[in-house]
Protein chains: 2
Amino acid sequence: MGLIVQKYGGSSVRDAERVMNVANRIVEAYDAGNDVIVAVSAQGDTTDDLIAKAEEINPNASKREMDMLLSSGEQISIALLAMAIEKIGRPVVSLTGWQVGIQTDSRYSAARIKHVNSERIRSELDKRRIVIVAGFQGINKFGDITTLGRGGSDTSAVALAAALGAEVCEIYTDVDGVYTADPRIVKDAYKLDDISYDEMLELASLGANVLHNRSVEMAKKYHVKLAVKSSLRRVEGTYVKEVNQVEKMLVRGVTRDNDCAWIALCGVEDTPGKAFEIFSLLSQKNISVDLIIQSIGNGVKKDISFTVTEGDLPVALQILEDNKNIVNMDDIKWTKDVSKVSIVGAGMVNNAGVATTMFEALYDAHINISMIATSEIKISVLVDQKDAERAVVAIHDKFMLK
Amino acid sequence: MGLIVQKYGGSSVRDAERVMNVANRIVEAYDAGNDVIVAVSAQGDTTDDLIAKAEEINPNASKREMDMLLSSGEQISIALLAMAIEKIGRPVVSLTGWQVGIQTDSRYSAARIKHVNSERIRSELDKRRIVIVAGFQGINKFGDITTLGRGGSDTSAVALAAALGAEVCEIYTDVDGVYTADPRIVKDAYKLDDISYDEMLELASLGANVLHNRSVEMAKKYHVKLAVKSSLRRVEGTYVKEVNQVEKMLVRGVTRDNDCAWIALCGVEDTPGKAFEIFSLLSQKNISVDLIIQSIGNGVKKDISFTVTEGDLPVALQILEDNKNIVNMDDIKWTKDVSKVSIVGAGMVNNAGVATTMFEALYDAHINISMIATSEIKISVLVDQKDAERAVVAIHDKFMLK
């Protein structure tokens, strides 16, 4: 018994039946004696429908007005969810982002939370009311509505949990928790009971679409214990928290990310600072380069290859084309048919054998590795996209993640 | 050149094309050098769609949550309209009821405006921005969203015009203005150039659904000049203002109201206060009685007949049934097949011949009158519903309203 923050995404409240289901889950927590705050996203396709309406009128609408438009989506879902709880017969109140006082900066459509007022919520909790808060939205210093961008409702939930000192922030999704690999690819994949913030951050950024990075970063910063749970099935989820590493497995999960494209610059002039010049051209246009390999030059020419997201590929190629005078090369090659396969685990930093075992698994499966990158808690390799699923299965088997 | 408030209803902004049309009208007024404030309703069927969503989850939802839900409708329309104006390339900002500071009492779903803050709007106008305000909604002293009930957006517009001292408040609808009779019934009906507040109030309450009474009352109180105009056609509308009566026609309009039911109590005990007893029973249940006739009693028995709205008929009959001990009578008759036909005109109070002319018109058309009621600026008669349209035409012809 204490204070719980729950978060439900758009698919969890997409129709009347799902809304009633969520209402029942909330009331369970309330009836167990907890104070309950709930952050909710807009229903199912509401946001997409609103975006389509805007596009029809003005594809270049200001972000300020887009935020005014889109924030209506959560206003609808909080009202409906509150009505569902009223039907069950529990005291409840819905609050928009501005009513709570979720104060953000003024970057419309990608605002950052600066402060969460707790007075209104506390006064409602004191009346033993369930408090339903619109996720994804806040208010800036001008009194205008802002939205938080992708994964915004997760961030709202964590911010509320941090501001109110919740025992746990439960993120309800349509999966049961965080798995060692995508269960659609790896039959033996299983759910983790817990995972550290850092591991979750790597998994999230590597394509395990469970939690958005910003919310995990905020949870880590404010020591908010997260639980990833299913909104549909009654099973234990995965806790994201500070985990004692000693007893833990080295490798916690295997992920695949198809959203990458490979670019190779062949026969670039081998002079100091050439790579720096190339990558600063790209970063000036906000293109993030991920994996990078540079061949050992012969003093005259060298090869540089790297990956970007598929969406950034056309712009990246254009930049290289436009700057031929700077980026002088013999040939340029590129492909989208690559995948990044990664293993994540906080323990691997102190265990040199992990990378070897991973490469061995791929070798045994006759899968070619074109690039490799390592960090303290992950190892990523680039493989042909057609080999990616097999790679995930082979690695998962090799580490006996079961 | 000055400050203009415009109001557009839901059908005027029901789709992208209509929104662009309205945006063009607004920009015209702006480009002519005016400061422009616009109050907008929710798009087309949005409100009905939202109500349907709520009904599916909880038909007895609290009014507080209904207001939270429904107010999202105007938030959508103000954002879309602002985007349309951005597309034309004029500076614009949309504001919700709470952002403006449209302060109301706490009667959710039927709130009354208590005060309108002008600071935010004035600061936006000072930047030469067009200001788009969500109609129909406000905020109460608890910081919660309220809605104003039927005709609420008209009321929002008039309140804004009063608070900001606008030259005129233009109400855009799908009709061209206020007509001497419903043009669908009377071919010769024509648009009035102007009409007084009191006449408009009578016409509105008698079934000419152009302006809601509350907005006309507020306009009268704060001396706001109203203009009723078409949002689709470029024609002069009708001004509602203080009109100099001397040169004006006696009769300004003929209306028909089918939403009435007739109840006759036959053989009621003829004792003092009996009618009062009956009507207080009805008023306790919020049933408004309109026309009333009481026969001259013979000291033993009398007849009392009156009209109520069709919606109130079942409740009224039930109340009479439940109170047989008080309302002792020989027989009760009722019918929905009646219509109230009325003439309105501020001049008629000093001209006894008006009623006679009206009755003559009906007599010539062989239409029977079952009840009559008169006030300073209107005369209403009850006729069979099948005769109502003929009655309107006959009266319109007789007064040569052309």
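Nothing here was measured: the structure is a model prediction, and the numbers come from that model.

Colleague: Account for the overall build of chain A, naming residues and giving values.
Modeller: A tally of regular secondary structure across chain A gives 12 helices and 18 strands. Against the compact-globule benchmark of 21 Å for 402 residues, chain A has a radius of gyration of 24 Å, which places it among compact chains. Dimensions of chain A along its principal axes, counting C-alpha atoms only, are 75 × 50 × 30 Å. Every one of the 402 residues in chain A was classed for burial, and the buried ones make up 56%. Summing over all exposed atoms, chain A offers an accessible surface of approximately 17,300 Å²; the carbon and sulfur share of this is 48%. The positive charge centre, built from 46 side chains, and the negative charge centre, built from 56, are 3 Å apart in chain A.

Colleague: Run through the sheet that holds strand β11 (residues 226–230) of chain B, naming residues and quoting values.
Modeller: Residues and elements named next belong to chain B. Spatial ordering of the open sheet is given by β3-β6-β2-β1-β9-β11-β12-β10, a layout of 8 strands whose pairing is mixed. Of all strands in the sheet, those with a lone pairing partner are β3 (92–95) and β10 (194–195), marking the two edges. When β11 meets strand β12 (residues 238–240), the two strands line up antiparallel, connected through 3 bridges. Looking at the pairing, Leu226 lines up with Val240 of β12.

Colleague: Quick one: what's the story with the relation of the copies chain A and chain B, residue by residue and with numbers?
Modeller: What relates the pair of chain copies is a rotation about an axis plus a shift along that axis. If you rotate chain A by 180° and push it 0.0 Å along the axis, it lands on chain B with an RMSD of 0.1 Å. Viewed as a symmetry operation, the transformation between the two copies matches a two-fold axis. Looking at the rotation axis and the C-alpha trace of chain A, the residue lying nearest is Ser72 of chain A, at 2.6 Å. Both copies contact each other with a shared surface, as 100% of the interface residues of chain A are interface residues in chain B too.

Colleague: Requested: an account of the sheet that holds strand β13 (residues 253–269) of chain B, with residues and values cited.
Modeller: Residue and element names in this part refer to chain B. Within the open sheet, the 6 strands sit side by side as β14-β15-β13-β16-β18-β17. Their pairing is antiparallel. For this open sheet the edge positions go to β14 (292–294) and β17 (371–374), each flanked by a neighbour on one side alone. Here the strands of the sheet are splayed against their neighbours by 25° on average, with no regard to which way each runs. Sheet topology places β13 next to strand β16 (residues 331–344); 11 bridges connect them, and they run antiparallel. Residue pairing for β16: Thr255 is matched across the bridge by Ser342. Sitting on the sheet, helix α9 (residues 274–284) touches β13, β14 and β15 (301–308), and the angle it makes with β15 is about 30°. Contacting β13, β15 and β16, helix α10 (residues 313–322) crosses the sheet at an angle of about 15° to β13.

Colleague: Give me the packing of aromatic side chains: which residues, what numbers.
Modeller: The way to describe two aromatic rings as a pair is by their centre distance and the angle between their planes. If you walk through the whole model with that rule in mind, you get 5 aromatic pairs over all chains. When the centroid spacing of 3.9 Å and the interplanar angle of 25° are considered together, the rings of Trp98 of chain A and Trp98 of chain B count as stacked. A residue pair is termed interchain when its members come from two chains, as with Trp98 of chain A in helix α4 (residues 97–100) and Trp98 of chain B in helix α4 (residues 97–100). Like Trp98 of chain B, Trp98 of chain A is buried. Ring plane angle 85° and centroid distance 5.2 Å describe the contact between Phe279 of chain B and Phe306 of chain B, whose orientation is recorded as edge-to-face. In this pair, Phe279 of chain B sits in helix α9 while Phe306 of chain B sits in strand β15, placing the two residues 27 residues apart along the sequence. Phe306 of chain B matches Phe279 of chain B in its accessibility class, with the two residues each being buried. Geometry around Tyr30 of chain B places Arg128 of chain B over its ring, the cationic atom sitting 4.1 Å from the centre.

Colleague: Describe in detail the UniProt feature "binding site: ATP" (unreviewed entry) in chain A, supporting the description with residues and values.
Modeller: Residues and elements named next belong to chain A. As annotated by UniProt and renumbered to match this structure, "binding site: ATP" (unreviewed entry) occupies Lys7, Tyr8, Gly9, Gly10, Thr173, Asp174, Tyr179 and Arg184. Spatial dispersion of the annotated residues is evident: they stretch over 178 residues in sequence, and the largest pairwise C-alpha distance comes to 24.8 Å. Take Tyr8: its relative accessible area is 0%, and that puts it in the buried class. Once residues within four sequence positions are removed from consideration, Tyr8 is found in contact with Val22, Arg25, Ile26, Val38, Ala39, Val40, Ser41, Tyr172 and Ser231. Looking at Tyr8, its side chain comes within polar contact range of the side chain of Gln6, at 2.8 Å. By secondary structure assignment, the location of Thr173 is in strand β9 (residues 168–173). Not counting the four nearest positions on each side in its chain, Thr173 is found in contact with Val210, Val228, Lys229, Ser230 and Ser231. One polar contact links the side chain of Thr173 to the main-chain amide nitrogen of Val175, over a distance of 3.0 Å.

Colleague: So what's going on with the environment of Gly10 of chain B? Which residues, and what values?
Modeller: All names here are of chain B. Turning to its location among the elements, Gly10 is positioned in the loop between β1 (3–8) and α1 (16–31). Taking C-alpha positions, Gly10 is 5.2 Å from Ala42, a pair spaced 32 residues apart along the chain. Not counting the four nearest positions on each side in its chain, Gly10 is found in contact with Ser41, Ala42, Gln43 and Gly44.

Colleague: Tell me about helix α9 (residues 274–284) of chain A, and please be specific about residues and values.
Modeller: Buried within α9 of chain A are the following residues: Lys274, Ala275, Ile278, Phe279, Ser280, Leu281 and Leu282 of chain A. Where α9 of chain A ends, the next residue or the one after it, Asn286 of chain A, has phi of about 65°, a positive value.

Colleague: Which residues make up the interface of chain A and chain B, and what values do they have?
Modeller: Accessible area lost when the parts come together is the quantity often used to give the size of an interface. Contacts between chain A and chain B engage 42 residues on the former and 42 residues on the latter. Both sides together, the interface formed by chain A and chain B hides about 3,400 Å², and carbon and sulfur atoms give 60% of it. Sorting the residues of chain A by area buried against chain B places Ile57, Met83 and Trp98 of chain A first, and these three jointly supply 21% of that buried surface. Counting every contact that joins chain A to chain B gives 2 salt bridges.

Colleague: Could you give an account of unusual backbone geometry, naming the residues involved and the relevant values?
Modeller: All names here are of chain A. Look at Ser109: it is not a glycine, yet its phi comes out positive at around 75°. Mapped onto the fold, Ser109 is located in the loop between β4 (102–104) and β5 (113–116). The phi dihedral of His366 falls on the positive side, at around 55°, and the residue is not glycine. Inspection of the secondary structure puts His366 in the loop between α11 (353–364) and β17 (371–374). Accessibility expressed as a relative area gives 71% for His366, which makes it exposed.

Colleague: Quick one: what's the story with the pairing of β13 of chain B, residue by residue and with numbers?
Modeller: Moving residue by residue along a regular strand, the side chains alternate between the two faces of the sheet. Residues and elements named next belong to chain B. Judged by how many residues are buried, β13 sits mostly within the fold: 12 of 17 residues are covered. Judged from the 7 bridges that link them, β13 and β15 form a sheet pairing that is antiparallel. Pairing of Leu265 across the sheet is with Ile304, part of β15.

Colleague: Pulling in residues and values, what's your account of the pairing of β9 of chain A?
Modeller: Residue and element names in this part refer to chain A. Across the 6 residues of β9, 6 count as buried, placing the element largely inside the fold. Two elements, strand β1 (residues 3–8) and β9, share 5 bridges in a ladder whose sense is parallel. Note that in β9 the partner of Gln6 across the bridge is Glu170. For β9 and strand β11 (residues 226–230), the ladder comprises 5 bridges, and the chain directions are parallel. In the strand pairing of β11, Tyr172 is matched with Lys229.

Colleague: Explain the packing of helix α3 (residues 63–88) of chain A against helix α2 (residues 46–57) of chain B to me, using residue names and the numbers behind them.
Modeller: One can describe the packing of α3 of chain A onto α2 of chain B by two numbers: an axis separation of 9 Å at closest approach and a directional angle of 30°. By the angle between their directions, the pair α3 of chain A and α2 of chain B is classed as roughly parallel. The crossing of α3 of chain A and α2 of chain B is right-handed. Facing α3 of chain A, whose interface residues are Ile76, Leu80, Met83, Ala84 and Lys87 of chain A, α2 of chain B presents Leu50, Lys53, Ala54 and Ile57 of chain B. Across the contact of α3 of chain A with α2 of chain B, the residue classes tally to 7 nonpolar, no polar and 2 charged.

The rules behind these values
- Residues numbered from 1 in each chain as written.
- Chains lettered and ligands numbered in written order.
- Predicted model: local features only at pLDDT ≥ 70, side-chain atom pairs only at ≥ 80, totals over all residues.
- Heavy atoms only, no water.
- Helix = DSSP H or I, 4+ residues; strand = E, 2+ residues; numbered from the N terminus.
- Rg over C-alpha atoms; globule rule 2.2 N^0.38 Å.
- Buried < 20%, exposed > 50% of the residue type's maximum accessible area, 1.4 Å probe, protein only.
- Areas by Shrake-Rupley, 256 points an atom, 1.4 Å probe, with all protein chains shown as cover.
- Lys, Arg positive; Asp, Glu negative; His and termini not counted.
- Charge placed at Lys NZ, Arg CZ, Asp CG, Glu CD.
- Pairing = 2+ DSSP bridges.
- Least-squares fit on C-alpha atoms with pLDDT ≥ 70 in both.
- Contact = heavy atoms within 4.5 Å.
- Axes fitted to C-alpha atoms, helices over the stretch in contact; angles between N-to-C directions.
- Phe/Tyr/Trp six-rings, centres within 6.5 Å; stacked < 30°, edge-to-face > 60°.
- Lys NZ or Arg CZ within 6 Å of the ring centre and 35° of its normal.
- UniProt positions renumbered as here; feature names shortened; annotations may be inferred.
- Polar contact = N/O pair within 3.5 Å; in protein donor to acceptor, adjacent residues only side chain to side chain.
- Buried area = accessible area lost by both parts, 1.4 Å probe.
- Salt bridge = Lys/Arg side-chain N within 4 Å of Asp/Glu carboxyl O.
- Parallel < 35°, antiparallel > 145°, perpendicular 65-115°, else oblique.
- Left-handed = near helix turned anticlockwise from the far one by under 90°.
- Nonpolar A, V, L, I, M, F, W, Y, C, P; charged D, E, K, R; others polar.

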